[in-house]
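Single-letter residue listing:
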Amino acid sequence: MELVEIRDLDGPNLFALYPVIKLEVVFPSAHVDEEAENSLALLVADLHREAGLPVPEVRWHGMDTSAHRSLIFRWDWRETALLIARMAFERATNQSTSTSADLVQVLERDRVEDDRPLWVRDDQRRIPSIGVTGTNGKTTTTRLISHILRGTGRHVGWSSSSGVYIDGEQVIEGDYTGPSGARRVLNDPHIDVGVLETARGGILLRGLAYESNDVGVFLNVSADHLDMHGVSTVETLADVKSVVVRVTRANGLVVLNADDPLVLAQRERVRAPVLLFSQNPDNIAIAAHVSAGGRALVRNGNVVRYL
């Protein structure tokens, strides 16, 4: 068993809708070593006890890359959780150097520095937010939604691949489709709604910047952006991007592309009511959705109909 990486995810992610530590390992063969997995999971639990912390749920998650597995557990204190993951792996492979005293010392420092997950919790978020994800069309959709909202007199902040904008003025230039761009928007005191373009990189590397959104938009998914951090199939990429709609509040709205099967399938995983859209006026899923009382937008030529 070899270590691939230990990563702290600050918000909803591929594995859970809350902050987790990801400890990814690779086994010498394609066969899962259940004994080694159980041992590592027990060590993580034991180290939480040694630190005087509650024992979180510890579970394993298979990765697309052959023989790669990730151990996942929730965290509250950053450096302590990272050290627990490292110590667990080192003890499992008989190369431990850190002690329980080191663990307690790091926890004390975390508490002094208040080094907690950086996600914006629901009780901290003062404005409604719209999350937009997909493989293609995210930036255009984000700009369109922002333009429409500004046309209604709203003060809008949005993050995108070209930067962060506050009421139409670029305040940061660059690719800000990750959590830092979203946090910049959500924490701005001058706006009353946020529109957040969300790419797969930020979700995989740091997790979402927030606990929930009010509207989640999932445009499409394709094989344009694979082979990042164990994601090598379109199906898993869809799982990554689905985080944006899975965190949408139950009293909000999820917007899904009915022409993309992997996107359409997310309607079974979300909490909020679903609005489907399609460029095919004969889309069977749209017909079934509307007959069941759902809402939809359908394009037929140059005409868009609301159903």
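Residues numbered from 1 in each chain as written. Predicted model: local features only at pLDDT ≥ 70, side-chain atom pairs only at ≥ 80, totals over all residues. Heavy atoms only, no water.

Peer 1: Can you lay out the pairing of strand E9 (residues 193–197) for me, pointing to particular residues and giving the numbers?
Peer 2: Within E9, five of the five residues are buried, which leaves the element mostly enclosed by the surrounding structure. Residues Val193, Val195 and Glu197 of E9 are buried on one face, and the alternating residues Gly194 and Leu196, pointing to the opposite face, are buried as well. As defined by bridge partners, strand E5 (residues 129–133) adjoins E9 across four bridges and the pair is classed as parallel. Each bridged residue has a counterpart across the sheet, and for serine 129 the counterpart in E9 is glycine 194. (Buried < 20%, exposed > 50% of the residue type's maximum accessible area, 1.4 Å probe, protein only. Helix = DSSP H or I, 4+ residues; strand = E, 2+ residues; numbered from the N terminus. Pairing = 2+ DSSP bridges.)

Peer 1: Requested: an account of the sheet that holds strand E4 (residues 68–74), with residues and values cited.
Peer 2: Here four strands make up an open sheet; going across it, the order is E1-E2-E4-E3 and the pairing antiparallel. Every other strand in the sheet has two partners, leaving strand E1 (2–9) and strand E3 (58–62) as the edge strands with one partner each. On average, each strand axis in the sheet is inclined to that of its neighbour by 20°, with strand direction left out of account. As paired strands, strand E2 (residues 20–26) and E4 are joined by seven bridges and run antiparallel to one another. Across the sheet, residue lysine 22 finds its bridge partner in E4, namely isoleucine 72. Most of the contacts of helix H1 (residues 34–51) go to E4, to which it runs at about 25°, and overall it touches E2, E3 and E4. The sheet contacts of helix H2 (residues 78–92) involve E1, E2 and E4, and relative to E1 the element is tilted by about 165°. (Axes fitted to C-alpha atoms, helices over the stretch in contact; angles between N-to-C directions. Contact = heavy atoms within 4.5 Å.)

Peer 1: Which residues make up the nonpolar core, and what values go with them?
Peer 2: Counting residues in hydrophobic clusters, the biggest one holds 44 residues, and the most contacted among them are Phe15, Leu208, Tyr210, Val254, Leu256 and Leu276. Here this core takes six residues from helix H7 (residues 234–246), the largest share from any one element. If we skip the residues at most four places from it in the chain, valine 254 touches Gly216, Val245, Thr248, Val270, Ala272, Pro273, Val274 and Leu275. Within the second largest apolar cluster, 28 residues are counted, among which are Ala41, Leu43, Ala51 and Leu53. (Core = buried A, V, L, I, M, F, W, Y, C linked by side-chain atoms within 4.5 Å.)

Peer 1: Help me get a handle on the environment of alanine 296, residues and values and all.
Peer 2: Relative to the helices and strands, alanine 296 is located in strand E13 (residues 295–300). For alanine 296 and alanine 258, which are 38 residues apart along the polypeptide, the C-alpha to C-alpha distance reads 9.2 Å. With sequence-adjacent residues up to four places away left out, alanine 296 is seen in contact with Leu275, Leu276, Ile286, Val290, Arg305, Tyr306 and Leu307.

Peer 1: I'd like a description of the packing of H1 against helix H3 (residues 100–113), backed by residues and values.
Peer 2: Contact geometry for H1 and H3: axes closest at 9 Å, N-to-C directions at 65°. Here H1 lies roughly perpendicular to H3, going by the angle between them. Of the two elements, H1 crosses H3, and the hand of that crossing is right-handed. Contact with H1, carried on its side by Leu47, Glu50 and Ala51, involves Ser100, Leu103, Val104 and Leu107 of H3 and no other residues of that element. (Parallel < 35°, antiparallel > 145°, perpendicular 65-115°, else oblique. Left-handed = near helix turned anticlockwise from the far one by under 90°.)

Peer 1: Give a detailed account of the pattern of salt bridges, specifying residues and quantitative values.
Peer 2: Tallied over the full model, the rule gives 23 salt bridges. We note a salt bridge from glutamate 5 to arginine 7, for which the minimum N-O separation is 3.1 Å. By relative accessible area, glutamate 5 is classed as buried at 14%. Given the relative accessible area of 16%, arginine 7 is considered buried. Residue glutamate 24 pairs with lysine 22 through a salt bridge whose shortest N-O separation is 3.0 Å. Note on accessibility: glutamate 24 and lysine 22 belong to one class, buried. Members of the salt-bridge network, linked through shared partners, are Asp8, Asp10, Arg78, Asp115 and Arg206. (Salt bridge = Lys/Arg side-chain N within 4 Å of Asp/Glu carboxyl O.)

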